[in-house]
Every structure is written in C-alpha cells, then in structure tokens.
Protein chains: 2
Amino acid sequence: MFETIIIGAGFAGAVIAERLATQLNQKVLIIEKRNHTGGNCYDYRDDNGIIVHKYGPHLFHTDNQEVWKYLSCYTEWEVYHHEVLAYIDGKKVPIPFNLNTIYEVFPVALAMRIEEKLLTAYEYNTKVPILELKKSTDTDLQYLADFVYEKIFLHYTAKQWGMKPEEMDSAVTARVPIFVGRDNRYFNERYQGVPKHGYTKMFQQLLNHPNIKLMLNTEFQEVMRFDGDKILFLDKEFNGKVVFTGMIDELFGCQFGELPYRSVDMRVETIERNNYQEAATINYPNNYEFTRITEFKQIHFTKSDRTTILKEYPEPYRRGENTPYYPIFTEENKAGYNKYVDYAKRYANLILLGRLAEYRYYDMDDIVEMALKIYKGAAA
Amino acid sequence: MFETIIIGAGFAGAVIAERLATQLNQKVLIIEKRNHTGGNCYDYRDDNGIIVHKYGPHLFHTDNQEVWKYLSCYTEWEVYHHEVLAYIDGKKVPIPFNLNTIYEVFPVALAMRIEEKLLTAYEYNTKVPILELKKSTDTDLQYLADFVYEKIFLHYTAKQWGMKPEEMDSAVTARVPIFVGRDNRYFNERYQGVPKHGYTKMFQQLLNHPNIKLMLNTEFQEVMRFDGDKILFLDKEFNGKVVFTGMIDELFGCQFGELPYRSVDMRVETIERNNYQEAATINYPNNYEFTRITEFKQIHFTKSDRTTILKEYPEPYRRGENTPYYPIFTEENKAGYNKYVDYAKRYANLILLGRLAEYRYYDMDDIVEMALKIYKGAAA
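No experiment lies behind these values; they were computed from the predicted model shown.

Definitions and cut-offs
- Residues numbered from 1 in each chain as written.
- Chains lettered and ligands numbered in written order.
- Predicted model: local features only at pLDDT ≥ 70, side-chain atom pairs only at ≥ 80, totals over all residues.
- Heavy atoms only, no water.
- Pairing = 2+ DSSP bridges.
- Helix = DSSP H or I, 4+ residues; strand = E, 2+ residues; numbered from the N terminus.
- 1 Å grid on protein atoms, 1.4 Å probe; cavity = no way out; pocket = protein on both sides within 12 Å on 5 of 7 lines; lining within 4 Å.
- Points joined across faces, edges and corners; volume = space filled by probe spheres on them.
- Nonpolar A, V, L, I, M, F, W, Y, C, P; charged D, E, K, R; others polar.
- Contact = heavy atoms within 4.5 Å.
- Buried area = accessible area lost by both parts, 1.4 Å probe.
- Salt bridge = Lys/Arg side-chain N within 4 Å of Asp/Glu carboxyl O.
- Polar contact = N/O pair within 3.5 Å; in protein donor to acceptor, adjacent residues only side chain to side chain.
- Phe/Tyr/Trp six-rings, centres within 6.5 Å; stacked < 30°, edge-to-face > 60°.
- Buried < 20%, exposed > 50% of the residue type's maximum accessible area, 1.4 Å probe, protein only.
- Domains from an automatic or database assignment.
- Core = buried A, V, L, I, M, F, W, Y, C linked by side-chain atoms within 4.5 Å.
- Axes fitted to C-alpha atoms, helices over the stretch in contact; angles between N-to-C directions.
- Least-squares fit on C-alpha atoms with pLDDT ≥ 70 in both.
- Parallel < 35°, antiparallel > 145°, perpendicular 65-115°, else oblique.
- pLDDT = per-residue confidence, 0-100.
- Expected span 1.5 Å × (residues − 1).
- Arc of directions from axis to C-beta.

Some remarks on the sheet that holds strand 13 (residues 224–227) of chain A
The strands that make up a sheet are held in pairs by hydrogen bonds between backbone atoms, and each pair lies either parallel or antiparallel.
All names here are of chain A.
Right, so step 1: Pairing is antiparallel in the open sheet, where three strands are placed in the order 13-14-15. The open sheet has two edge strands with one neighbour each: strand 13 and strand 15 (236–237).
Right, so step 2: As paired strands, strand 14 (residues 230–233) and strand 15 are joined by two bridges and run antiparallel to one another. Bridge pairing in strand 15 links Leu232 to Glu237.

Set out below in structure tokens:
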C-alpha cells in the first residue's frame, strides 16, 4: 500500500513526501498529530484578513539557490526584508546593533569615535562578535561590547531561556555580533521573503499530489508500534522507509528520560488601530515578561482598520500541554539524545529528520536543504 | 483500532463522527478524497480577507431547533437573511416573486389589480404555486403565472439542467411559487445565518476531537475494498460500521452503470471596486450562460477596497474532472440507484448517507437532522 510513512507534516516531512511522490512515484502516508499541515510554519488569515503566523513569525531567508528555486515551484514570494527594533533606554533602535544604532543611543561625539575605531579595526559590512570587541585594548570598544551585552542580549536571553542573568555563561553568550555597517536588516541572505499567500498555502501546494495521503489529528502511536526491531503500522509489519520528524524521546516511550525543550506562549491580539508599531518586530530585552511583539500586517501587507499583533512569552515546555520549540543544549541533554539515536539504529528503515527528531535548531532553509539531501541519499 | 470508518468529511460524515467520538467515545477514521474537510460547504478567506464559498453560496436556514442548537455548539452565527434579485426586463427585482416584485415589473394599475385578486383568493404571507394560479379563471392571475414561469423559471431552469425550454415538463416545473406577501427574503425559516468565522472553521471545531482521525487526499478505494460480503481496510477485514457518504455508483465500481449528475463550473473573480451588485445573489434567468452571481462580501461582511464574486456556469458532470452537485431525477436513474441500494444490503455494517450516497437533494439542515437520526439509531 504505502511505500514510505512520514511522521510529521512540517518542512522536513512535506519536502520528503513531495520528492518521493513526484520523483519516484512513491505512495506516501504522512501522519500528523495536529489538525493542519505546515508544522510551526502554519499560518491563517484572521477575521481581519491578516495572515497570522500561529507559532511565531517565520521569515524566509537563504543563500541556497537550490532551496529557493525548489520552494518557488510551490509558491510565489512577497519581497520582504525583515527589520527588528529593540526597545532600549526609551528608544526603539535597529538590531543587530550597527552603525546606525550607535548614533541613536550614544552622544554624537562618542558615536563618531566608536564608529571611527570600528572602521579602523574591522572591515566595513562585516559582523564582529562582542567577545572579540571585549578583547580589544580600546576602552570605547570595550564599553560598546558591554553595552550591547547588557542592553540587547543579557536580559532578553535570560527571559528566552528562563534563566537568571547571573546563571548565564558569558563566554558562550558573548557571541552576539555587532554589525559594522549601516544595513538595518535582520538577515543578509541573497534570497529573502515570505510566501505570497502564506505558508499554509505553500504546504498545500507541496502536498497536493495524489500519491500523498495525509492522516491528521493522529498521534503516530495510535497507528504505529516500534516493537523489537520491527515497525508495525496498524498491527502489520511495515517494511518501507519510515521518516520520523517528531520528538525522538517520544518515539521510544521516553525510556531514557524526557528531553527538555523551551516553549513559548504565543498570545495573539487584535488592536483597533490601523497600525501598532514602527517595525514588524520589536524586541523588549529589558521590559515585560514577553520577549518581542510582532505585527503581522507589516510582514504580509493587508489593508484593514485593525491590526493583529503577537506577544511571545517564553515558558518551560510542559509535555502534552504546550509546544516544544527549542531543544536545550546541555552536555546532559546531548548525552540523553545520543542514547535515543543509538537505540534507533536497530530499525534499519528508520530515518530521523528535523528539529525535534535531531534535537537541534534548524532554520527553514536548512531543513529544506537537509530534506532534499536525505531524499537524494534515499533515492541513490 | 478504529470502531467506525466514515467516507467523506462533509456534513453527513462530520456530524456522525462528532457524535460517535463525543457521545460513545468511539475511535473514528474519516477518509476524504479532497485535501480539506467540509465537503461542498468548504470556504476560505481570499487575499482580500473575504470569505469565499468555494463550491457555491451556502446559506444556513432551518426551523429545526435541535439542529440549530447542535451546530451552535461549534460555531457562533452571523445574523444573515438571504435576499435574491432576478434580472428581468432590465430590472433587478426580488424573488421569490412577491407583492413588491409585482409593483416593480407591472404598470401600477395592473399591479394593484393583481394584488387585490391575490389577496382575495389566497391568504396573506403564504406561497401559491403558479400551477394553481394557472387553474384560476381570472385572466390577470393566469397572466401573472405565465409571466413568472417564462421570466423567472423557464430559462433559468433550462440553463441549470442543460435542457431546451421546449424539453421541459411544464407540469413538473410549474411548482415555482409566488409569495403573497411583502417579505423579500429567500428563506422564511426561524433560524437563518452563516457561521461567524465560516463553514471551514465550524467543521474544524466539529472534528476537533482526539477520537477523530482524518485521512485527507485519499480515495476510499485506495485503502478499502468491498469484497463479497466483507469490507477490507488496508487488506484486513473491518467489522466496525462503515458510513459511506460518497457516490454510491463508485462504491461498487459502477457495475450497474454510472449515475448521472449535474455539475457547475464555479468561477471566482476579484473586482477592483468596493461593491459589485445590489444584493448578495442576483439571478440571470434570461441572459448569459451563468445562472447567477454571488458577491461574498454581502454574506460575510468584510471591509475591503475589492470585492469577490462568483459566477455559476452549470455544466454536465464529467467523472473525475468536475464536481457532482445534483442528482438528476429520472425514473431510469432512480432504478439504477435502487440496484446499488439492493446490492449494498449484503454489507450488514454499511450505512449510506448524504446527497451522493442516497442520490437525493439535501439542504444543510436536513442532512444534519438525518445524520443525528442515523446516529441515534446506531447508538440505540
């Protein structure tokens, strides 16, 4: 019946399914626990016609021409270059911290001095980690590094990960960059945009093939069993390939312990105004419990008398209650993850792919690239 | 695994699934050939934020309080009373033809005479079939009946069913009513409206239960087989109940011949204007190839500088190419249908339900009522 079963209908699952169905003419079954496809990229038009990214803002950016061309078969793109402001010292200023930001937050004389020193020490239009600035013998540059660390990074990251600032490892965290240039954009890749009609429509197109069957609202455990070294689908041994893109610990009943994740409470609000804020996303590193506010009208332009915003409140992941967004990288967690990977090896036909299955962070373009690579490996 | 398998995720399938899942705690699998639920009620917000009924306008109206209350658990309602105008003799006038219409199309003296005669012969606020008017000895009333038959009914119905006017059986077709009253509404039921956030959202709510698994983009033949007197699901005998809401001839490989249907080519257009027409739906009985134009903004109010309209072009049903909307009731077709019903009796666990499976027309409220009844029968 089915030649491949894919668990999860996010980018990893959808791209693999599309390739197998269209290129190898395989019958593919996708099992998805949610009642929609697209994973965390899922979006919808709300009552005001505004496209809302339900699981947080997704801005597509890549230097990978193959990935861009591939997705372009399934969507047109809206030209969109993301800019982010951070609210610090009563002002909303561009981040990553750049030469424009310096002039906005420092007295002019200091700003000019810092600019000159940066341009002498580093190449124009490059990124410099603040850790490197700190090593400089120049006190102005050290001051800049400390300022950015404290105002932009420290409290934001503490909120994001639920730590106290004093618990944070400054050596690790000091990788935050300064951009020695005047480009206010958040990303610098060649290809940037959002799907013209939203991600959900793009996923519908990706999966719009008679070979691809979609089982929604279904936990994989309800129809599959991993038993000894056999995989069963509806109580029958399944010998095709299984691509698993869900949480790896749940794949094996959490027998080596639960892997921790960080979650975010995404709170959508409708505002009775034409426009809410000065940029699509504004970060609040040092105020409030939320980390940032995104105004979706500014990502997918929509004419409406109202506007829709999203406040993101980071919170611990509670299994079965909220969404696992980010793996938490500690030595202990990596060791736990590796036990699952080892255990998974007994299933010769099992492929682990994606943010949750590989317990790592993927940007959207990276997971598409990886899925195309896995497909090519499987097809070879 | 599954206790009931339902084929088709329209009203019939969704209501049965909801009842079985929530009331009997049954695990239910719905198999749906399209990539969405809701059957022909499916709607979506287009790029202008306007809710579009993809398969033609669906206006909910019922006198059945139980049905209204039941659906109200899954949607709020927008108060909406449908009005239809018909373009005749260069004017857009209310239909069903009523006392207001009479004053719009006839000279005042004639209109007053007809009104008086109607009010003398019939009760106020009732419907009178034009066939009955024709039997009247009064020439004005006969004239009215002929006028309505010719201008409102004859050519519209000929387009709708693809017949020449002269082929039409006037005895059958003359059941079109005149409304002896001043109520311009198309429906007179106690409860009228549209789901506040659209039908698709309402179906998502109906099906939003962990017991309901949804298999989209899947023809039932791909996973089921009807073999002798056994029903197989993925090559294993399935002994639970099977509710089939699809085309009954396709259930049995069209072995007694294909049942014919009438289809409609639904053509959606975006218009660069705030507003397109004077009413939500305007019928064109005597002009053009389409039967009617619907402007969706007037059904689900949306603020936009553009407006979205739908022109309906009736056409023959071509299997596998377009959508079967209406069964075609002839003695021959009913006989063909009955062969399938007889054949279906060998499957003790098979239930046939809905417009396509029962080869009959259902309004939305009627199919919900029937599904609730079937559920009660099965649960008893």
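Back to the text.
Remarks on empty space enclosed by the protein
Right, so step 1: Going through the model one piece at a time under the given rule, you end up with one cavity of 30 Å³ or more.
Right, so step 2: Approximately 850 Å³ is the volume found for the largest cavity.
Right, so step 3: Considering the residues around the largest cavity, the lining is formed by 37 residues, among which Tyr42, Thr200 and Gln204 of chain A together with Thr200 and Gln204 of chain B are closest to the centre.
Right, so step 4: Residue assignment for the lining of the largest cavity shows that the elements contributing at least two residues are strand 3 (43–45), helix 8 (199–206) and strand 12 (212–216) of chain A together with strand 3 (43–45), helix 8 (199–206) and strand 12 (212–216) of chain B.
Right, so step 5: For the lining of the largest cavity, the element with the most residues is helix 8 of chain A, which contributes four residues.
Right, so step 6: Here the residues of the lining of the largest cavity are counted per class, giving 14 nonpolar, 16 polar and seven charged.

Notes on unusual backbone geometry
Residues and elements named next belong to chain A.
Right, so step 1: With omega at -5 degrees, the peptide bond leading from Ile95 into Pro96 counts as cis.
Right, so step 2: In this structure, Pro96 sits in the loop between strand 8 (91–95) and helix 3 (99–105).
Right, so step 3: If you check the backbone angles, Asp89 has positive phi at about 45 degrees while not being a glycine.

Points about the pairing of strand 14 of chain A
The two faces of a sheet get side chains in turn, since along a regular strand they alternate between them.
All names here are of chain A.
Right, so step 1: Pairing analysis gives four bridges linking strand 13 to strand 14, with the strands arranged antiparallel. When the sheet's bridge partners are listed, Phe226 is paired in strand 14 with Ile231.
Right, so step 2: The antiparallel hairpin formed by strand 13 and strand 14 contains two residues in its connecting segment, where Gly228 sits at a positive phi of about 60 degrees.
Right, so step 3: The loop that links strand 14 with its antiparallel partner strand 15 comprises two residues; one of these, Leu234, has a positive phi angle of about 50 degrees.

Quick word on the interface of chain B and chain A
Right, so step 1: With 27 residues of chain B in contact, the opposing surface of chain A contributes 27 residues.
Right, so step 2: Here chain B and chain A share an interface that buries about 2,500 Å² over both sides, 45% of which is from carbon and sulfur atoms.
Right, so step 3: In this structure, the connection of chain B to chain A is made through eight salt bridges.
Right, so step 4: Arg45 of chain B is the salt-bridge partner of Asp47 of chain A, the closest N and O atoms lying 2.9 Å from each other.
Right, so step 5: Linking chain B with chain A are 20 residue pairs in polar contact (both at pLDDT 80 or more), by the criterion used here.
Right, so step 6: Top element by residues in the side of chain B that touches chain A is strand 12 of chain B. It accounts for five residues.
Right, so step 7: Class assignment for the residues of the side of chain B that touches chain A results in 12 nonpolar, five polar and 10 charged.
Right, so step 8: Bridge count between strand 12 of chain A and strand 12 of chain B: three bridges; the pairing is antiparallel. Looking at strand 12 of chain B, one finds that Leu216 of chain A is bridged to Leu214 of chain B.

Things to note about the packing of aromatic side chains
Right, so step 1: Within the structure shown, the criterion is met by 70 aromatic pairs over all chains.
Right, so step 2: Plain terms: the ring middles of Phe252 of chain A and Tyr347 of chain A are 5.9 Å apart, the flat faces sit at 10 degrees to each other, and that makes the pair stacked. Taken as a pair, Phe252 of chain A in the loop between helix 10 (248–251) and strand 17 (261–271) and Tyr347 of chain A in the loop between helix 11 (331–344) and strand 22 (350–352) lie far apart in primary sequence, 95 residues in all.
Right, so step 3: Take Phe252 of chain A: its relative accessible area is 6%, and that puts it in the buried class.
Right, so step 4: Ring geometry for Trp68 of chain B versus Tyr191 of chain B: centroids 5.2 Å apart, planes at 20 degrees, classification stacked. Within this pair, whereas Trp68 of chain B is found in helix 2 (residues 65–72), its partner Tyr191 of chain B is found in strand 11 (residues 191–195), the two being separated by 123 residues in sequence.

Focus on the domain arrangement of chain A
Right, so step 1: According to the domain assignment, chain A contains domain 1 (4–37 + 207–259 + 328–379) and domain 2 (89–180).
Right, so step 2: Put simply, the middle of domain 1 of chain A and the middle of domain 2 of chain A, counted by C-alpha atoms, are 40 Å apart.

Concerning the nonpolar core
Right, so step 1: In terms of nonpolar packing, the biggest core is built from 110 residues, with Phe11, Ile30 and Leu71 of chain A together with Phe11, Ile30 and Leu71 of chain B touching the most fellow members.
Right, so step 2: Among all residues touching Leu71 of chain B, those that are not within four sequence positions of it are Phe11, Phe60, Trp77, Met202 and Val368 of chain B.
Right, so step 3: Ranked by size, the runner-up nonpolar core spans 66 residues in total, among them Ile7 and Tyr340 of chain A together with Ile31 and Tyr347 of chain B.

Description of the sheet that holds strand 19 (residues 292–295) of chain B
Residue and element names in this part refer to chain B.
Right, so step 1: Overall, mixed pairing links the seven strands, which are arranged 8-7-18-19-20-17-21 in an open sheet. Pairing within the sheet leaves two strands with one partner each, and these edge strands are strand 8 (91–95) and strand 21 (326–327).
Right, so step 2: Contacting strand 7 (84–88), strand 8, strand 17 (261–271), strand 18 (281–283), strand 19, strand 20 (307–316) and strand 21, helix 6 (residues 139–161) runs over the sheet at an angle of about 100 degrees to strand 7.

Some thoughts on the relation of the copies chain B and chain A
Two copies of one chain are present, and they are related through a rotation about an axis combined with an axial shift.
Right, so step 1: Once turned by 180 degrees and shifted 0.0 Å along the axis, chain B lies on chain A with an RMSD of 0.0 Å. The operation mapping one copy onto its partner corresponds to a two-fold rotation axis.
Right, so step 2: By residue overlap, the copies meet face to face through one surface: 100% of the interface positions of chain B are interface positions in chain A.

Quick look at the packing of helix 2 of chain B against helix 12 (residues 364–379) of chain B
Residue and element names in this part refer to chain B.
Right, so step 1: Packing of helix 2 against helix 12 leaves a shortest axis separation of 10 Å and a crossing angle of 90 degrees. Between helix 2 and helix 12, the crossing angle belongs to the class labelled roughly perpendicular. Contacts between helix 2 and helix 12 involve Glu66, Val67, Tyr70 and Leu71 from the former and Asp365, Val368, Glu369, Leu372 and Lys376 from the latter.
Right, so step 2: Of the residues belonging to the contact of helix 2 with helix 12, the class tally is five nonpolar, no polar and four charged.

With respect to the pattern of salt bridges
Pairing between side chains of opposite charge can happen when the charged atoms of each approach one another.
Residues and elements named next belong to chain B.
Right, so step 1: Summed over all chains, the structure comprises 56 salt bridges over all chains.
Right, so step 2: The salt bridge involving Arg225 is made with Asp235; its shortest N-O contact spans 3.3 Å. Note that Arg225 is positioned in strand 13 (residues 224–227) and Asp235 in the loop between strand 14 (230–233) and strand 15 (236–237), a separation of 10 residues in sequence.
Right, so step 3: The partly exposed category is assigned to Arg225, whose relative accessible area is 42%.
Right, so step 4: Judged by relative accessible area, Asp235 falls into the exposed class, the value being 52%.

Some thoughts on the confidence of the model for chain A
Right, so step 1: Confidence in the prediction of chain A, expressed as mean pLDDT, is 95, and 98% of residues score 70 or more.
Right, so step 2: Per the prediction output, this complex has pTM 0.90; the corresponding ipTM is 0.84.

Details of helix 4 (residues 108–121) of chain A
Within an α-helix, residues lying three or four positions from one another point in the same direction, as the helix has 3.6 residues per turn.
Residues and elements named next belong to chain A.
Right, so step 1: The terminal C-alpha atoms of helix 4 lie 20 Å apart, and with 14 residues this matches the ideal 20 Å at 1.5 Å per residue to within 8%.
Right, so step 2: Along helix 4, the residues that are buried comprise Leu110, Ala111, Ile114, Glu115 and Leu118. Looking straight down helix 4, one finds its buried side chains confined to an arc of 130 degrees; they lie on one side. Those residues of helix 4 that are exposed and aimed more than 90 degrees away from the buried face are Val108, Ala109, Glu116 and Thr120.
Right, so step 3: On its buried side, helix 4 packs onto helix 3, helix 5 (130–135), helix 6 (139–161) and strand 10 (177–180).

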